[in-house]
Amino acid sequence: MDYKKTNAPLNTVTRDMIAMAEQTGNVYETVCIIGKRSNQIATELKKELEKKLQEFASTDNLEEVSENREQIEISRFYEKMPKPTLIATQEYLEHKLYFSNPLRDRNLLND
């Protein structure tokens, strides 16, 4: 997914957790879903950033100053992006997340 095009807010927003929990019926399950997705996003972004910064790792020439500027610009771009928790919350609110509860699904089959 392209996290650069997300419409998640850049700052923390106070939300009504009871209203957010309508999809799951449980506030704690909602928080768990958003937390797990947030970890997935953070891992993906970290790998992407490390891959981009790895290009600058092996430089022993005089162009180091200009490359440091590029490296700083890349780092600043990722710092200005919304935090993974805000992206995950926005995905949840826009119904872009697929989640299931195996225990609940198993109970539905037994009923």
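Just above sits the structure.
Figured I'd write up the structure that's included with this text. (Residues numbered from 1 in each chain as written. Predicted model: local features only at pLDDT ≥ 70, side-chain atom pairs only at ≥ 80, totals over all residues. Heavy atoms only, no water.)

Let us now look at the layout of surface pockets. There is about 240 Å³ of room inside the largest pocket. What lines the largest pocket is simply Glu29, Cys32, Ile33, Lys36, Arg37, Gln40, Leu97, Tyr98, Phe99, Ser100, Asn101 and Pro102. For the lining of the largest pocket, the element with the most residues is helix 2 (residues 27-54), which contributes six residues. Partitioning the lining of the largest pocket into residue classes produces six nonpolar, three polar and three charged. Counted as a void, the second largest pocket has a volume near 170 Å³. In terms of lining residues, the second largest pocket is bounded by Thr12, Val13, Arg15, Met17, Met20, Val31, Ile34, Gly35, Thr85, Leu86 and Thr89. Where the lining of the second largest pocket is concerned, the elements lending two or more residues are helix 1 (17-20), helix 2 and helix 4 (84-93). A breakdown of the residues in the lining of the second largest pocket according to their chemical character gives six nonpolar, four polar and one charged. (1 Å grid on protein atoms, 1.4 Å probe; cavity = no way out; pocket = protein on both sides within 12 Å on 5 of 7 lines; lining within 4 Å. Points joined across faces, edges and corners; volume = space filled by probe spheres on them. Helix = DSSP H or I, 4+ residues; strand = E, 2+ residues; numbered from the N terminus. Nonpolar A, V, L, I, M, F, W, Y, C, P; charged D, E, K, R; others polar.)

What follows concerns the pattern of salt bridges. Under the criterion given, the structure shown has four salt bridges. Arg37 is the partner of Glu91 in a salt bridge, and the nearest nitrogen-oxygen pair spans 2.7 Å. A residue pair is termed long-range when its members are at least 10 positions apart, and Glu91 in helix 4 and Arg37 in helix 2 qualify at 54 residues. Here Glu91 falls in the buried class, since its relative accessible area comes to 4%. A relative accessible area of 14% places Arg37 in the buried class. (Salt bridge = Lys/Arg side-chain N within 4 Å of Asp/Glu carboxyl O. Buried < 20%, exposed > 50% of the residue type's maximum accessible area, 1.4 Å probe, protein only.)

So far we have only geometry, and geometry alone does not tell us how the molecule works.
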